[in-house]
Structure formats: C-alpha cells, structure tokens
Amino acid sequence: MHPEEGNAGYSYEECRATADWLLAQVDIRPLVGIVCGSGLGGLAEMLKDQVAFNYKDIPSFPQSTVHGHAGRLVFGTLKGRACVCMQGRFHLYEGYPIQKITLPMRIFKLLGVETVILTNAAGGLNQDYRVGDIMILKDHLNMPGFAGNNPLAGLNDERFGVRFPCMSDAYDRDLQQLAFDVGAELGYSDFLRKGVYCVLGGPSFETIAECRMLHTLGADAVGMSTVHEVLVARHCGMRCFALSLITNQAVMDYESEEKANHEEVLETGKLRAEQLERLVSNMVLRIQHNNNNNNNEDDDNDINSY
Ligand SMILES: O=P(O)(O)O[C@@H]1C[C@H](O)[C@@H](CO)O1
Ligand SMILES: Nc1nc2[nH]cnc2c(=O)[nH]1
C-alpha cells in the first residue's frame, strides 16, 4: 500500500480550494490568524467589520463539538489590523484525525496569514502559578507526538514545508517579548508567566500521578490543544505565539479535594476575558509584517480601548 492511502490529511489542492472559496467572499486579507481556546471566544467578538462563516458551511471544515467553542471563522479588523479568527478549535478527543484538526492552519497560510496567535485553557502544574495567570508559551512537550501521532506524519507536500521541520524555534521570541512589554504597559505583570505547555490527547483530565510526572518532565501547564496547530503552522512558515490561561490548578496531592472540570475552565475564561482581549489586541496592533497591508489611519492606539 502506498503510504498516501493511510494519510487522513487534505491535499494542497483541497486546502487551496477552501482558501479560495473564502477569499472569493471576503475583501479582508488577514496577516494575523487567531485561535480562541475554551471559553475564550470573546476575542472573536472584538473584531470590527465582521464577515463570519459557520464551520458547517466551509468546504472540508470539521465541526466544533465542544461547549465553549462556537464554531465560526470570523474575518474582521482588530485595532485596524486585518485578522481572521477561529471562534472554536478542534481537538483530538473529538475523534477527528490529527490532520483534520490542524487543517485550519493550512487554510490560514493560504489566506495570506503570516502570524498565528493561539490561546488555550490549561491546568497549572507549576506550583507558583495561580488560577487566572496567563502563561506565555516558550516551548512545548508533545506527548501524542512521542507515540507517533503527529499531524505532519504521512506524505510531505513541499509546497507547505520541509519533511523535517525544526521546532527549537516554535514560539517566536520577539512575540514573547512583545507580550511581556504590552502586558507591563497594561499593568498585567503580576499574572504574566512564561513556561512550557504539555499537550495530552484528553478528554479525561489527568490523574495525580500523571500531573506529578508531567511536572517532573518540565511542564508548567497541561492541556489538550495548540501543539498540533503550532507544528503545522511552523511547518508552513508562519510565526507562532501562544498563551495559556491557567483555568485550574492541576491536582498534585492525594489529600486534595479539588476536581478538574470543564465548567471551572469556562468560568475562569470569563473572569480573565477582558484582560486577555486587551493583551492580544494590543499585540496585534504592534506586530510588524513584511507586507503590511493595513490602513494605519484606522489604528486605535489607545492601549485601554478594545
Ligand atoms: O481548546 P482548549 O485547549 O482551550 O480547551 C481546553 C482543553 C479541553 O478542550 C478543555 C477542557 O476544559 O479546555
Ligand atoms: N489536560 C488538561 N486540559 C485542561 N484544560 C483546562 N484545564 C486543563 C487541565 O487541567 N488538564
């Protein structure tokens, strides 16, 4: 059997067809793509002059099945900058092949996106972290990848990227610094962190022994997303910035009565939504692109407005 037959991915032509379908219906040409994590879909609501598509109407797109993930692709402007925003993402535990959950990254690329901003909700493993902290990702641990479940497995199409992409620079360092600079100006330094995110397949939350192990391995936070998207985004040459909202403390102690649950994750999202939106929108305002096609006259430079 040719390996291609076992590849659940989409061909370059299928991705191109989806991107062209979208481009034919919107005038906006986004340089920034944003992915909203669980309970963080408010980011998409901030976009002005919106043109939105339900995932079910977009050719080849999977459907969102998780509460807190609306399932809309929203084009618009954020502080005058053209953006496209996934209001809801796909996860391995929803039953999709890993190539399907990462399809939107290739669509972003073919829409002209140069920078991807990914957000997620995560459990805090680092004992210094508190619920409500925002962790800027400096690196990741890809547990499904250790077991061979990598979205880049299968035939490699060089039009997207190389067979063996480097990941030591997965999270753009200039964008990490920008997040801290913008965060400091907004007065957020007390709850901004930098750390390592570990992805698991979910949907079950971790056992106590698993949390202890992940912490020992160097993870500061644990979640069920983002990493697969980053692998595909980096493969096709987009810059990546990712942040985790620490929505719950991972349970590390057998005496603890705490129990991880999705309702708490969504509630914490609501509590930090406004700060997270201000942080991301002011970052978008300041990100430099080679091909900046935005109209600077429309810029909203007031750091406190959003
Ligand atoms: O899409 P994200 O990574 O923000 O979602 C997290 C992981 C699970 O999908 C869910 C658990 O509450 O939130
Ligand atoms: N795996 C995992 N994902 C999360 N998403 C939000 N909180 C958590 C958590 O504690 N564990």
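Residues numbered from 1 in each chain as written. Chains lettered and ligands numbered in written order. Predicted model: local features only at pLDDT ≥ 70, side-chain atom pairs only at ≥ 80, totals over all residues. Heavy atoms only, no water.

Undergrad: What's the story with the nonpolar core in this structure? I'm lost.
TA: When a protein is soluble and globular, its nonpolar side chains tend to lie buried together. In terms of nonpolar packing, the biggest core is built from 53 residues, with Leu73, Phe75, Met105, Phe108 and Val116 touching the most fellow members. Ranked by the residues each element gives to this core, the list is headed by helix H4 (residues 103-111), at 6 residues. Apart from residues no more than four positions distant in its own chain, Phe108 is found in contact with Gly33, Ile34, Val35, Leu73, Val84, Met86, Val113, Val116 and Met238. Formed by 33 residues, the second largest nonpolar core is a distinct cluster that contains Leu43, Val74, Ile117 and Met283. (Core = buried A, V, L, I, M, F, W, Y, C linked by side-chain atoms within 4.5 Å. Buried < 20%, exposed > 50% of the residue type's maximum accessible area, 1.4 Å probe, protein only. Helix = DSSP H or I, 4+ residues; strand = E, 2+ residues; numbered from the N terminus. Contact = heavy atoms within 4.5 Å.)

Undergrad: Teacher, can you tell me more about the pattern of salt bridges here?
TA: Once the charged atoms of two side chains with opposite charge are near each other, the side chains can pair. Counted by the stated rule, this structure contains 10 salt bridges. A salt bridge links Asp133 to Arg193, with the shortest nitrogen-to-oxygen separation between them at 2.9 Å. Of this pair, Asp133 sits in the loop between strand S5 (115-124) and strand S6 (134-142) while Arg193 sits in strand S7 (residues 192-199), placing them 60 residues apart in sequence. The exposure class assigned to Arg193 is partly exposed, which follows from its relative accessible area of 23%. Close ionic contact of Glu185 with Arg286 constitutes a salt bridge, the shortest N to O distance being 2.7 Å. Taken together, the residues Glu185 in helix H6 (residues 173-186) and Arg286 in helix H9 (residues 262-286) connect sequence positions 101 residues apart. A relative accessible area of 31% means that Arg286 is categorised as partly exposed. Where salt bridges share partners, they join Glu13, Asp157 and Arg159 into one cluster. (Salt bridge = Lys/Arg side-chain N within 4 Å of Asp/Glu carboxyl O.)

Undergrad: How should the UniProt feature "domain: Nucleoside phosphorylase" (unreviewed entry) in the protein be read in this particular structure?
TA: Taking the UniProt record as the reference, the feature "domain: Nucleoside phosphorylase" (unreviewed entry) is found at residues 32-284. The straight-line gap between the two end C-alpha atoms of residues 32-284 is 8 Å; of that span, 30% is helix and 26% is strand. (UniProt positions renumbered as here; feature names shortened; annotations may be inferred.)

Undergrad: Any chance you could explain the pairing of strand S3 (residues 72-78) here in plain terms?
TA: Within a regular beta strand, the side chains point alternately toward one face of the sheet and then the other, so they alternate between its two faces. The element S3 is extensively covered by neighbouring structure, given that 6 of its 7 residues are classed as buried. As defined by bridge partners, strand S2 (residues 48-54) adjoins S3 across 5 bridges and the pair is classed as antiparallel. Paired with Lys48 across the strands is Thr77, a residue of S3. When S3 meets strand S4 (residues 81-87), the two strands line up antiparallel, connected through 7 bridges. Directly across from Arg72, in S4, lies its bridge partner Gln87. In this antiparallel pair of consecutive strands, S3 and S4, the connection spans 2 residues, and Lys79 shows a positive phi of 50°. (Pairing = 2+ DSSP bridges.)

Undergrad: It is not clear to me how the site of ligand 1 should be interpreted in this structure. Could you clarify?
TA: By nearness alone, 13 residues border ligand 1, and Ser38, His91, Tyr93, Ser225 and His262 come closest of all. A distance of 2.7 Å is found between an oxygen atom of ligand 1 and a side-chain nitrogen or oxygen belonging to Ser38. In the environment of ligand 1, an oxygen atom lies 2.8 Å from a nitrogen or oxygen atom belonging to the backbone of Ala121. Of all the secondary structure elements, the ones that give two or more residues to the shell around ligand 1 are S5 and H9. Per-class residue counts for the shell around ligand 1 are 5 nonpolar, 7 polar and 1 charged. (Near = heavy atom within 4 Å. Polar contact = N/O pair within 3.5 Å; in protein donor to acceptor, adjacent residues only side chain to side chain. Nonpolar A, V, L, I, M, F, W, Y, C, P; charged D, E, K, R; others polar.)

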